[in-house]
Amino acid sequence: GAVVSQHPSWVICKSGTSVKIECRSLDFQATTMFWYRQFPKQSLMLMATSNEGSKATYEQGVEKDKFLINHASLTLSTLTVTSAHPEDSSFYICSARGAVNTEAFFGQGTRLTVV
Amino acid sequence: KQEVTQIPAALSVPEGENLVLNCSFTDSAIYNLQWFRQDPGKGLTSLLLIQSSQREQTSGRLNASLDKSSGRSTLYIAASQPGDSATYLCAVNGNNRLAFGKGNQVVVIP
């Protein structure tokens, strides 16, 4: 299958700072990328959907000013957690699709810990 | 809103037994369904994709069936191995959005 690379795999940051997570499709062009959050022993919660060159669409309850998403090219999307707080600590996973409703491929995930 | 349920939540089987994992969903208006594997602390690995027009899909020891009208999918893993220990997630795709179940946590005992 296609490869989606996510970096970093883990990060620890101080409360109040910002953290950027990158998601790259390595061998295909991703028209749509998705960002999820996963709590322990829970399912994946969709945070936002981004299409290349346009603004991301955020799910209800997700603060767009806190979770900034940029999809500047067909192979790269970034999620920036701004002014991070301990409650933002979680596992974040990105996903990418080459075309609408086709197979989705996922990154390795990023474990964010805010201290 | 699509709701996806996976039963059982957790199971342990001896090595060599066949695994049967169930997924049900409430809205049958789907484009496709994917089964994923997730190891602890890792991302998701796509195992099988079944289009809404298909009844089943096979890859090696894995076979997934889909009954769209009744809102059910089953993942069969033949002759389980300790390396199959993981959480298996079912995801239903409607309008370019995936709805996930909470997963089947599988332990294969050597």
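What counts and how
Along each chain, residue indices are assigned from 1 in the same order as the chain's sequence is written. To label them, take the chains in the order written and letter them from A, then take the ligands in the order written and number them from 1. With the structure being a predicted model, the display of local features is reserved for residues of pLDDT at least 70 and the display and counting of side-chain atom pairs for 80 or more, all residues being used for whole-chain, interface and lining totals. The side-chain figures draw on all heavy atoms in the structure; neither hydrogens nor water molecules are used. DSSP-based pairing: two strands are paired if at least 2 bridges between them are found. By the criteria applied, helices consist of DSSP H or I runs no shorter than four residues and strands consist of E runs no shorter than two, each listed in order from the N terminus. In this analysis an axis means a line fitted to C-alpha atoms, helices contributing only their contacting stretch, and an angle means the value between N-to-C directions, from 0 to 180 degrees. Contacts were defined at the residue level, with two residues in contact if any of their heavy atoms lie within 4.5 Å. To form a nonpolar core, buried Ala, Val, Leu, Ile, Met, Phe, Trp, Tyr and Cys residues must be joined to one another through side-chain atoms within 4.5 Å. The cut-offs for exposure are 20% and 50% of the maximum accessible area for each residue type, with area from a 1.4 Å probe on protein chains only; residues under the lower value are buried, those over the upper are exposed, and the others partly exposed. Put simply, two rings from Phe, Tyr or Trp (the six-membered ring, in Trp's case) pair if the centres are within 6.5 Å, and we call them stacked under 30 degrees between planes, edge-to-face over 60, tilted for the rest.

Side note on the sheet that holds strand β6 (residues 56-59) of chain B
All names here are of chain B.
Argument step 1. One open sheet holds the five strands; their spatial order is β1-β3-β8-β7-β6, and the pairing between them is antiparallel. The sheet is open, and its two borders are formed by β1 (4-7) and β6, each paired with just one other strand. Put simply, the sheet's adjacent strands are angled 15° from each other on average, direction ignored.
Argument step 2. Both strand β7 (residues 62-67) and strand β8 (residues 72-77) contribute to a ladder of six bridges, which runs antiparallel. Considered in β8, the bridge of S65 is made with T74.

So, the environment of L76 of chain A
All names here are of chain A.
Argument step 1. Take L76: it is sitting in strand β8 (residues 76-81).
Argument step 2. C-alpha separation for the pair L76 and E22, spaced 54 residues apart in sequence, amounts to 7.1 Å.
Argument step 3. Excluding residues that lie within four positions of it along the chain, L76 makes contacts with E22, C23, R24, M33, N70 and H71.

Topic: the nonpolar core
Argument step 1. By size, the foremost hydrophobic cluster in this structure holds 25 residues, and its most contacted members are V4, W35, F67, L79, Y92 and L112 of chain A.
Argument step 2. Mapped by element, the contributors of at least two residues to this core are β2 (10-13), β3 (19-25), β4 (32-38), β5 (44-51), β7 (67-73), β8, β9 (90-97) and β11 (110-114) of chain A.
Argument step 3. Counting 24 residues, the second-largest nonpolar core is a separate cluster that includes V4, L66, A99 and V108 of chain B.

Observations concerning the packing of aromatic side chains
Argument step 1. Enumeration according to the criterion identifies seven aromatic pairs over all chains in this entry.
Argument step 2. Ring centres of Y36 of chain A and F106 of chain A lie 5.6 Å apart, and the angle between their planes is 35°; on these two criteria the pair is classed as tilted. Of this pair, Y36 of chain A sits in strand β4 while F106 of chain A sits in strand β10 (residues 105-106); the two residues are 70 residues apart in sequence, bridging distant segments of the chain.
Argument step 3. By relative accessible area, Y36 of chain A is classed as buried at 1%.
Argument step 4. With 6.0 Å between their ring centres and 80° between their planes, F106 of chain A and F100 of chain B make a pair best called edge-to-face. Pair noted here: F106 of chain A is in strand β10 and F100 of chain B is in strand β10 (residues 97-100), and the two residues belong to different chains.

Structural notes on the sheet that holds β7 of chain A
All names here are of chain A.
Argument step 1. One open sheet accounts for four strands, arranged β1-β3-β8-β7; its pairing is antiparallel. Strand pairing shows two members of the sheet lacking a second neighbour, β1 (4-7) and β7, which therefore form its edges. Mean inter-strand twist for the sheet, computed between neighbouring axes without regard to direction, equals 15°.
Argument step 2. Two elements, β7 and β8, share five bridges in a ladder whose sense is antiparallel. Bridge pairing links F67 to V81 in β8.

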